[in-house]
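# Structure assessment
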Amino acid sequence: MDATSVFCDTKRRRPPFGGAEAVRLRHHPSSAPRRRKRRERVMPRTLGLIGSGLIGTSLARLAVAAGMEVVLSNSRGPESLAELVGTLGSGARAAVPEEAAEAGDLVVVTIPLRGYGRLPVAALRGRTVLDTMNYYPQRDGRIAELDAGRLTTSELVQRHLAGASVVKVFNNIGSHQLLSLARPAGAADRSALPLAGDEEPARREAARLLDVLGYDAVDMGPLAESWRSEPGTPVYTRPYLGETPPGLTAEEYFPWFLRNPGRPVPASLVRELTETAVRGPAGGVLPAGAAR
Ligand SMILES: NC(=O)c1ccc[n+]([C@@H]2O[C@H](COP(=O)([O-])OP(=O)(O)OC[C@H]3O[C@@H](n4cnc5c(N)ncnc54)[C@H](OP(=O)(O)O)[C@@H]3O)[C@@H](O)[C@H]2O)c1
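Residues numbered from 1 in each chain as written. Predicted model: local features only at pLDDT ≥ 70, side-chain atom pairs only at ≥ 80, totals over all residues.

This part is about the sheet that holds strand β3 (residues 92-94). Read from one edge to the other, the open sheet built from eight strands follows the order β3-β2-β1-β4-β5-β6-β7-β8, with strand pairing classed as mixed. Only two strands of the sheet have a single neighbouring strand rather than two, namely β3 and β8 (216-219). With strand direction ignored, the average angle separating the axes of adjacent strands in the sheet is 25°. The pairing of strand β7 (residues 192-197) with β8 spans four bridges and is classified as parallel. Across the sheet, the residue bridging to L195 is D219, located in β8. (Pairing = 2+ DSSP bridges. Helix = DSSP H or I, 4+ residues; strand = E, 2+ residues; numbered from the N terminus. Axes fitted to C-alpha atoms, helices over the stretch in contact; angles between N-to-C directions.)

Turning next to the UniProt feature "transmembrane region" (unreviewed entry) in the protein. Here the UniProt feature "transmembrane region" (unreviewed entry) sits at residues 46-68. In this annotation, residues 46-68 is assigned 52% helix and 22% strand; the end-to-end C-alpha distance for the span is 6 Å. (UniProt positions renumbered as here; feature names shortened; annotations may be inferred.)

On to the nonpolar core. Grouped together as the largest cluster of nonpolar side chains are 75 residues, with contacts concentrated most on L49, A63, V70, V107, L193 and A206. The contact partners of L193, leaving out residues within four places of it in the chain, are V169, F170, N172, I173, L210, Y215, A217 and V270. (Core = buried A, V, L, I, M, F, W, Y, C linked by C-beta atoms within 7 Å. Buried ≥ 20, exposed ≤ 12 C-beta atoms within 10 Å, placed from the backbone. Contact = placed C-beta atoms within 7 Å.)

For the rest of this paragraph, the subject is the pairing of strand β5 (residues 128-131). Two faces belong to every sheet, and in a regular strand the side chains alternate between them. Neither face of β5 is open: one carries T128 and L130, the other V129 and D131, and all of them are buried. Judged from the three bridges that link them, strand β4 (residues 106-109) and β5 form a sheet pairing that is parallel. Each bridged residue has a counterpart across the sheet, and for V107 the counterpart in β5 is V129. As judged from the four bridges shared by β5 and strand β6 (residues 165-168), these two strands associate in the parallel manner. Each bridged residue has a counterpart across the sheet, and for V129 the counterpart in β6 is V166.

Neighbouring residues of the ligand: 26 residues in total, closest G51, G53, N74, R76 and M133. Sort the elements by how many residues they give to the shell around the ligand and helix α3 (residues 54-65) lands first, with three residues. (Near = placed C-beta within 6 Å.)

As structure tokens, this is what we get:
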């Protein structure tokens, strides 16, 4: 059994928070909506997921393994998620996106970026929303404000989600590596993930979730800085993949990406890669076989 399977022991159903369900934080902005203030005071117990594909499934597995409840949703309806929910066990259930948003102490939005305008604004108001989405014009169509470099993708999402506090996170690691590289706090081979958000309490909430799920966090600052982990930047997926096998063809790359267990990336390297990144054109190019 490797370190990952130890950490992701789904039989470990005790809460990851040592029984201290109400952990008081030092700061909370007096201007924030009451609902967000209440949620900042307690550790997250329920993860809401809007989008339950590759990344949503990996996050659900990590959250259930850590003793959290998860509420999954997608565009086709809860019944289409029955099989997945069955594999996750009693800590998981399926719902419609509005219900997943309402149920989650933290809510992850993890759908193709082209659908961001359909994310439920009212249900997400007052929430900390973790945004994993990346811009792939082949899949998402061209978005002029992104192409012009006027906004980062998460600023676009934040503008749509008025009243929510968006944090960019989980966008720069492949879904399989996200599962396989998770490690308990203090492990020598623990990896880090970058995050960005305009509100410091929301960034701290996201960092705390990362810790519970098996990662250290590297804070990049506001959403305007989140281009530092977008497709094409040095910290985007590659470091977590390790060496590409020699002779891998373009067609072989995506299947390898989907199953490669990856390589740990410590916080020091994530910090260095994000701090030295140079902003290029927005948007990535999907590998062969990945477009949907
Ligand atoms: N795959 C990766 O390794 C990876 C890594 C980092 C970041 N990302 C980014 O994270 C996002 C999700 O990627 P993914 O690979 O997990 O995608 P995916 O496997 O294609 O899954 C997308 C999910 O979003 C749901 N969805 C689509 N439109 C929706 C809507 N309007 N409301 C609710 N749910 C909706 C889909 O449900 P239906 O099937 O019912 O439509 C599906 O469950 C993308 O923006 C991607 O670029 C992906």
